[in-house]
Amino acid sequence: MNYAGPEEETPARNGLELTPFQGLRYDPDRVGSLAAVTSPPYDVIVRPDGLLELESADPYNIVRLILPQDHSPAARNQQAAYTLRRWRAEGVLTTDNEPGLYVYEQRDGDLLQRGVIGTLRLSDPADGVVLPHEDVMPHIVADRADLMRATSANLEPLLLTYRGDASGCGTAAVVEKTATLPPLLATTTEDGISHRLWAVTDPAGLAEIRADLGRHQALIADGHHRWATYLRLRAEHASPSPWDYGLVLLVDTARYPLRVRAIHRLLHRLPVAEALAAVGDTFRVRRLDVPLAEALESLASAAADGNAFLLAGDGAFHLIDRPSPDLLARTIPAGHPEAWRTLDATVLHATLLDHVWGIPEDSPEHIAYIHDTVATVEKAEQDGGTAVLMHPVREEVVRDLARQGVTMPRKSTSFGPKPASGLVLRALTS
């Protein structure tokens, strides 16, 4: 089934089935502050600097569960499982008394986002209930699966979007009414975003949400690897089981539009000079000796007319655009919609990474995917590599490709604001 846009959403087979659960949450009396124990999602943390900063913020920071540190992958996962058991035994993390859904609010200046956290029945893309829009890297799925097996927990919610009917009824009505009540928790994280969380436990409210969401389908905005992990672990367990469901945050983007940002690339072993030499005259290349903000403005202007990228790492910015049509014809795979063939991410992966630079896109030794623009440039300059800065794709392009069942190259988009990790967890065992 195709994904329909806001004006023409097609009811999915069976629709979304969001169920209450007993959230596992920090006891505020046992930690320094709720802000100090939260973290961005695991794949947004810039390592090692960001990881060390979070670890030092509070001995109970959630990063010790979502990115445990030890000498081997198996030891890291065992460490996370032990830490989770210990924190639960010590009462640092406690289970809410009754099952519920959780209304979650984020406020960042003028931006307000509200959604509902619950456990969503898993479905395959062919079912047309939850649709991905990006490919995934198998080694990351395997890593997340090992962690979830070890901890028997969903440690952070995925971000999914759906399009409500703007009537203010159903889920929207429950969310807005709940947000007028005193919250379970409220905190402001270091990035200035305020977070509030409420539990919805009354049967009438839960029934209203269930009936409403059952008419909708969702798009994965953030968390493709964790969704693929959910599906892998579901296949390993006989149904029915707790593994038939996964922890998600559902946001109605008809009411609360998300921001769409780019995810940048850091090429560890490729200095800027070598990158530019390999590009040669297959792209137009211009050196920009300007601040980052001005360089990004130039990137946006060039991206309005076609494919464009900023290379950085040698103290300057290099704008490459206007790729050779012959080069694109030879390197971009056929058999895809024109919107996919002209994506910056498609050109980057198929033309630059694969053909021009010969860099494997799924090798952590060669490439990292970083959300923060400044951090990407700084890491490239520190390490002698090349930062490839991207211009964000428009949300309507993402939705249009998803409607067609076409997935974009991995790490093509960054929707946000993303839910903070550490506000509510889900344990699959008591």
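The numbering scheme is per chain: residues are counted from 1 as the chain's sequence reads. Since the coordinates come from a predicted model, pLDDT governs what is reported: local features require at least 70, and pairs of side-chain atoms require 80 or more to be given and counted, while whole-chain, interface and lining totals use all residues. To get the side-chain values, take all heavy atoms of the structure and skip hydrogens and water.

1. Points about the overall build of the chain
- In terms of helices and strands, the chain carries 15 helices and 21 strands.
- Since a compact globule built from 430 residues should have a radius of gyration of about 22 Å, the 22 Å found for the chain is in line with a globular shape.
- Oriented by its inertia axes, the alpha-carbon framework of the chain measures out at about 65 × 50 × 45 Å.
- Taking all 430 residues of the chain together, 56% fall into the buried category.
- Across the chain, the fraction of contacts at a sequence separation of at least 24, relative to all contacts at a separation of at least 6, is 79%.
- Carbon and sulfur atoms form 50% of the exposed surface of the chain, whose accessible area is close to 17,700 Å².
- In this tally Asp and Glu are treated as negative and Lys and Arg as positive; neither His nor the chain ends contributes. To locate a charge, take atom NZ for lysine, CZ for arginine, CG for aspartate or CD for glutamate. Of the charged side chains in the chain, 41 are positive and 58 negative; the average position of the first set lies 3 Å away from that of the second. Secondary structure follows DSSP: runs of H or I at least 4 residues long count as helices, runs of E at least 2 residues long count as strands, and numbering of each begins at the N terminus. Each radius of gyration reported is based on C-alpha atoms, and the globular scaling rule is 2.2 Å times the count of residues to the power 0.38. Only protein chains enter the accessibility calculation, which uses a 1.4 Å probe; a residue is then buried when its area is under 20% of its type maximum, exposed when over 50%, and partly exposed in between. Any two residues having at least one pair of non-hydrogen atoms within 4.5 Å are treated as being in contact. Residue-level accessible areas treat just the shown protein chains as cover; the underlying method is Shrake-Rupley with a 1.4 Å probe.

2. Concerning the side chain of Lys-379
- With respect to the helices, strands and loops of the structure, Lys-379 is situated in helix 14 (residues 373-383).
- Using a relative accessible area of 13% as the deciding quantity, one classes Lys-379 as buried.
- In this structure Lys-379 touches Val-46, Arg-47, Pro-48 and Leu-266, once residues within four positions along its chain are discounted.

3. A closer look at the pattern of salt bridges
- A pairing counts as a salt bridge when a side-chain nitrogen of Lys or Arg comes within 4 Å of a carboxyl oxygen of Asp or Glu. Scanning all chains against the criterion turns up 25 salt bridges.
- A salt bridge links Glu-236 to Arg-149; its shortest N-O distance comes to 2.7 Å. Note that Glu-236 is positioned in helix 8 (residues 224-236) and Arg-149 in helix 5 (residues 138-151), a separation of 87 residues in sequence.
- The exposure class of Glu-236 is partly exposed, given its relative accessible area of 41%.
- The salt bridge involving Asp-383 is made with Lys-379; its shortest N-O contact spans 3.9 Å. With Asp-383 and Lys-379 both in helix 14 and 4 residues apart, this pair spans about one turn of that helix.
- Where salt bridges share partners, they join Glu-105, Arg-114, Glu-176, Arg-196 and Arg-255 into one cluster.

4. Thoughts on helix 14
- Of the positions making up helix 14, those classed as buried are Ala-375, Thr-376, Val-377, Lys-379 and Ala-380.
- Along its buried surface, helix 14 packs onto strand 14 (264-267), strand 16 (308-312), strand 17 (317-321), strand 18 (367-370) and strand 19 (386-389).
- Counting of polar contacts relies on pairs of N or O atoms within 3.5 Å, with two restrictions inside protein: one atom must be capable of donating a hydrogen and the other of accepting it, and residues adjacent in sequence are counted only when both atoms are side-chain atoms. The backbone nitrogen of Val-374 lies 3.2 Å from a side-chain oxygen of the residue at the head of helix 14, namely Asp-372.
- Of the residues trailing helix 14, Gly-384 is marked for its positive phi of about 80°.

5. Some details on the packing of helix 4 (residues 73-90) against helix 5
- With their axes 8 Å apart at the nearest point, helix 4 and helix 5 run at an angle of 35° to one another. Seen from above, helix 4 lies across helix 5 with right-handed handedness. In this structure, helix 4 contributes Asn-77, Ala-80, Ala-81 and Leu-84 to the contact, and helix 5 contributes Asp-146, Leu-147, Ala-150 and Thr-151.
- Asp, Glu, Lys and Arg are counted as charged, while Ala, Val, Leu, Ile, Met, Phe, Trp, Tyr, Cys and Pro are counted as nonpolar; the rest, among them Gly, fall into the polar class. In terms of residue class, the contact of helix 4 with helix 5 is made up of 5 nonpolar, 2 polar and 1 charged. Only the contacting stretch of a helix is used when fitting its axis, a line to C-alpha atoms as for every element, and angles between N-to-C directions run 0 to 180 degrees. It is the rotation of the near helix from the far one that decides the hand of a crossing: anticlockwise by less than a right angle makes it left-handed, clockwise makes it right-handed.

So far we have only geometry, and geometry alone does not tell us how the molecule works.
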